[in-house]
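Each chain, letter by letter, is given below.
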Amino acid sequence: MILRLPFAIRSALPSPSLPLHRRPIRSPPASALSSLPPRPRQEIPLFLRPLAHSAARSDLDAFRRWAKSLALTAAPGIAAAADGGPDADHLIRELSWLVQDATSEPEVGDEVRLRVGLEELYRLWRERIEKRRPFQYLVGCEHWRDLVLVVREGVLIPRPETELLVDMVAEVEGFQEGLWADMGTGSGAIAVGIGRLLGVRGKVFATDLSPDAVEVARFNVERYGLKDKVEIREGPWFEPLQDVKGKLAGLVSNPPYIPSSHISGLQAEVGWHEPRLALDGGKDGTDYLLHLCEGSASALKPGGFFAFETNGDKQSEFIADFISTMWGNFFENVETVLDFAGIKRFVTGVRR
Amino acid sequence: MGFFFVLKRSCSRVRPFPPINPNGKSSLLALFSTSLSGSRARNLISSHPFSVGSFGAPRGPNGFSGSGKSLDFASLPKVRLFSSQTAALSEPTTSDGLTVDAIAAKGWPILDESESDWRSHAAAIAQSIRLIKKRLQWRKMIVRLEQLSAALNKSDLWDDPVYAGRISREHGELMGKIKAVNRFEQELLEHIDLLKLAREEGDKELELESMKALLDMRRDAKEKELEALLSGDRDSCSCFIEVQAGAGGTESMDWASMVMNMYKMWAQSHGFAVTVLEEMPGEIAGIKRATIKVEGEYAFGYAKAEVGVHRLVRISPFDSAKRRHTSFAAVAVIPILSDVSTQYQIKESDLRIERFRAGGAGGQHVNTTESAVRIVHIPTGISATCQNERSQHSNKASAMAVLQSRLDQLEMARQAQLNAEHTQSLTEISWGNQIRTYVLHPYRMVKDLRTNYEVSDPDSVLDGDLDGFILNFLSTLLDKDEGNTS
């Protein structure tokens, strides 16, 4: 089977009209940027590229040593920024994964086949350390649940917490044959996760406003052979779902929920590189959550289930209270659910 | 004429007893009656100095050489036939009443293989069979078989189907092992009978063939001796190896990482797949603790010989005063049971799953590649952590597998206490005993304190050349007790 790659091949001419990043919220230090040439738009994810390059094993080892020392040197500075960035252990593990994605199975011999040139590895790692570019954008993928999802700038990197949304769906009786919707799907993570569990009559509609997200989600859906199970629709929240209004067995979403005032203080990997569109939830962070709750009343069929990710604890409690108070006639069993860190991360409930 | 023709063919090409191979899982049964299947297993075998299941001649899928058709031995006047029903517990003899034990007791001189002396071959084979039985803990096996048979005969057995299943499976496996050895004994006695017959009849050709068959058996027997070292219930399993640094700061954390590295290299040199599940690095160097998964046939059977405390003596590179230091690292090895039905049943409600080393707001606030998970089994307090997978889901799955094995091990220990006699050999391997010393200064030596086996090249050992230590320990462990074989 041949998959259509939505990414420009590296050798293709980079389109000058497409900026490297979405508008950065805070510029990285000028010193970090000055030494780096402008980079072409995202290429094929590292692990999917052919083993078209090679290097002497000793040269790859030299890269590892250099990269490790760069990480160790940078770690105290990252810690001093106190923005929750990676420590030395994390960086060194990312380095081993970078090499893992760039090479094939353990090879013997003095020559190592690579998916990128060695100089590209140097450049990527420099970006990781100096520009705090997220590791997942570096390699173009994120391991999430048992999936390897393609990601790139412009699309939110799926978070570990969000994995649990799929587990919650899988606990709903008869979920396999229902119609589901994942609103603001981003990379398509939740939709693909659910789609893989569905039966013959089950289906997921995955919506997103962002053309970047739609493109990446479509690629991930096709890569997992789920074109029949997951339908991507471009548009905001409920708008693309008018034809299935009142028929949905369940709604899930990881909407933007960070209060606008927190955006400027975010961890560099998030604030400098991830799309604000996927993060900023308005003044209290609840703009989209409330919109989702309200719309759920008409979108869900009776007995339909919803599960939304929130900013945690207080926000979850607020949303759960609000639903029970304002829309108590429509929903029952409204509750907050903990993530593995013990934070009330999700709000779930059932349409009466 | 026709009679001898038949006899010769059967003798050289066909084993007169049908194979039994109920499930192919029982390690020894597999060793005795079938060759390991799959090219991977074969690669493994060829790279092992103490190989498993490497029979001299290539075999068909059922462990038979050749494809000659089965012959009716019952019609042959001088060859005694044992039915498979009674074979397990009756003692086979030659036509003139010689048993394998009697042959071993005769003290016939064992000459070089190249000497065509049937008594020498027979004596060597009989000795091997004695050793094999000792290593299999033959008497305990027979006692256990009787216990299991009694249990199987109880009318209320199937009231508890899980228990019944376990009992009947163990009975089947034990029966298989015993029969496999008995078949080997019968084969010896039949070749002796045939050889004597050939001499009586003056058939030189048959005599030569029988002699050759005895020689083949003799070589086979040597391999089976080694195979019998890995006859434990769980020996064929994959395993986890855990290394923990002892007290002593950076020097012992460095030692722990050297030990872990030694096992990684040992495992890789044997073709086992190695995965790092958990690694807690030391502040300056080395590791506080690490767990690896070692996957492959008989990984546990070998690695179990490494359980205990490993001691290092050297000039510490972390001591500016260049003093000599002694450090310790503890090694644990846990089998990964492949048979789900024998696993400890974990209740979901007994588990507490935590994000490990997580802090801050989480969610969209944080971009991290850290998704370590710790799972705590609340009733026992046993926990497992995995941090090296690339998704939380995979970390959880790996931590769950470690937890499962730890609980299985706990359950095994509990059952071992209930049934102390049968599993005595397992409890001899216990955590906490100092088993080996590695001296890098003032002299260079690695010495096993259990077997006194030693080598003067610590570097090769630390590079994973552990087979001498493992083999010596396994044979010492199994050969020291059970002086009396049945």
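Residues numbered from 1 in each chain as written. Chains lettered and ligands numbered in written order. Predicted model: local features only at pLDDT ≥ 70, side-chain atom pairs only at ≥ 80, totals over all residues.

In the nomenclature of an unreviewed UniProt entry, chain B is known as Peptide chain release factor PrfB2, chloroplastic isoform X1 of Phoenix dactylifera. A UniProt comment under Sequence similarities (unreviewed entry) is attached to chain B, and it reads "Belongs to the prokaryotic/mitochondrial release factor family." (UniProt positions renumbered as here; feature names shortened; annotations may be inferred.)

As recorded in an unreviewed UniProt entry, chain A goes by Release factor glutamine methyltransferase and comes from Phoenix dactylifera.

Asks: Which parts of the structure should I look at to understand the environment of aspartate 96 of chain B?
Replies: In this fold, aspartate 96 of chain B is placed in the loop between helix 4 (84–87) and helix 5 (100–105). Taking the C-alpha atoms as reference points, aspartate 96 of chain B and aspartate 193 of chain B, separated by 97 residues in sequence, lie 8.5 Å from one another. (Helix = DSSP H or I, 4+ residues; strand = E, 2+ residues; numbered from the N terminus.)

Asks: Would you mind showing me how to read unusual backbone geometry here?
Replies: With the exception of glycine, most residues fall at negative phi, and the peptide bonds are largely trans. The step from histidine 441 of chain B to proline 442 of chain B runs through a cis peptide bond, and the omega angle for that step is 10°. The residue proline 442 of chain B is located in the loop between strand 9 (434–439) and strand 10 (445–448) in this model. Residues other than glycine seldom take positive phi values, yet aspartate 313 of chain A does so here, at roughly 25°. Assignment of secondary structure puts aspartate 313 of chain A in helix 11 (residues 313–326). Overall, the presence of 15 C-beta atoms within 10 Å leaves aspartate 313 of chain A in the partly exposed class. The residue asparagine 333 of chain A is not glycine, and still its phi comes out positive at about 50°. Turning to its location among the elements, asparagine 333 of chain A is positioned in strand 10 (residues 331–338). (Buried ≥ 20, exposed ≤ 12 C-beta atoms within 10 Å, placed from the backbone.)

Asks: What am I meant to see in the confidence of the model for chain A here?
Replies: Low pLDDT means the predicted coordinates in that region are not meant to be read closely. In the predicted model, chain A carries a mean pLDDT of 88, and 88% of its residues have values of at least 70. Predicted confidence for residues 1–42 of chain A stays below pLDDT 50, and this span has 47 contacts to residues more than four positions away or in other chains. (pLDDT = per-residue confidence, 0-100. Contact = placed C-beta atoms within 7 Å.)

Asks: In this structure, what is going on with helix 8 (residues 211–223) of chain A? I would like to understand it.
Replies: One turn of the α-helix equals 3.6 residues, which is why residues spaced by three or four share an orientation. All names here are of chain A. Helix length check: helix 8, at 13 residues, gives a terminal C-alpha distance of 18 Å against a target of 18 Å (1.5 Å per residue), a fit within 8%. Those residues of helix 8 lying buried are Asp212, Ala213, Val214, Val216, Ala217, Phe219, Asn220 and Val221. Here the buried face of helix 8 lies against strand 4 (147–150), helix 7 (189–195), strand 6 (203–208) and strand 7 (230–234). (Expected span 1.5 Å × (residues − 1).)

Asks: Honestly, the interface of chain B and chain A in this entry has me stumped. Any pointers?
Replies: It is common to give the size of an interface as the accessible area lost on bringing the parts into contact. Listed by partner, the interface residues are 23 residues for chain B and 34 residues for chain A. Per-class residue counts for the side of chain B that touches chain A are six nonpolar, 13 polar and four charged. (Nonpolar A, V, L, I, M, F, W, Y, C, P; charged D, E, K, R; others polar.)

Asks: It is not clear to me how the sheet that holds strand 8 (residues 382–386) of chain B should be interpreted in this structure. Could you clarify?
Replies: Pairing between the strands of a sheet is mediated by backbone hydrogen bonds and can be parallel or antiparallel. Residue and element names in this part refer to chain B. Ordered by their spatial adjacency, three strands build an open sheet running 6-7-8, and the pairing between neighbours is antiparallel. A strand with exactly one partner marks an edge of an open sheet, and here the two such strands are strand 6 (351–355) and strand 8. Ignoring which end each strand starts from, the neighbouring axes of this sheet average 15° apart. Bridge count for strand 7 (residues 373–377) against strand 8 is five bridges, and the pairing is antiparallel. Looking at the pairing, arginine 374 lines up with threonine 385 of strand 8. (Pairing = 2+ DSSP bridges. Axes fitted to C-alpha atoms, helices over the stretch in contact; angles between N-to-C directions.)

Asks: When you look at the environment of arginine 201 of chain A in this model, what are you seeing that I'm missing?
Replies: Mapped onto the elements of the fold, arginine 201 of chain A is located in the loop between helix 7 and strand 6. The spatial distance from the C-alpha of arginine 201 of chain A to the C-alpha of lysine 229 of chain A is 8.7 Å, given a sequence separation of 28 residues.

Asks: Would you take a moment to explain the sheet that holds strand 6 of chain A for this structure?
Replies: Residues and elements named next belong to chain A. Read across the sheet, seven strands follow the order 7-6-5-8-9-11-10 without closing on themselves; strand pairing throughout is mixed. In the strand order of this sheet, the two ends are held by strand 7 and strand 10, each with one partner. Neighbour to neighbour, the strand axes of the sheet diverge by 15° on average, direction disregarded. Pairing between strand 9 (residues 300–309) and strand 11 (residues 344–351): five bridges, direction antiparallel.

Asks: Can you walk me through the pairing of strand 4 (residues 308–315) of chain B in this structure?
Replies: In the case of a regular strand, side chains alternate between the two sheet surfaces. Residues and elements named next belong to chain B. Two elements, strand 4 and strand 5 (residues 324–336), share eight bridges in a ladder whose sense is antiparallel. If you follow glycine 308 over to strand 5, its bridge partner there is valine 331. With five bridges joining them, strand 4 and strand 9 adopt parallel strand pairing. When the sheet's bridge partners are listed, valine 313 is paired in strand 9 with valine 439.

Asks: Looking at this structure, how should I read the environment of leucine 98 of chain A?
Replies: Residue and element names in this part refer to chain A. On the secondary structure map, leucine 98 appears in helix 3 (residues 88–102). Here leucine 98 falls in the buried class, since 22 other C-beta atoms lie within 10 Å of it. Spatially, the C-alpha atoms of leucine 98 and leucine 124 are 9.3 Å apart, while their sequence positions differ by 26 residues. Dropping the residues within four chain positions of it, leucine 98 is found in contact with Leu124, Trp125, Leu138 and Val139.

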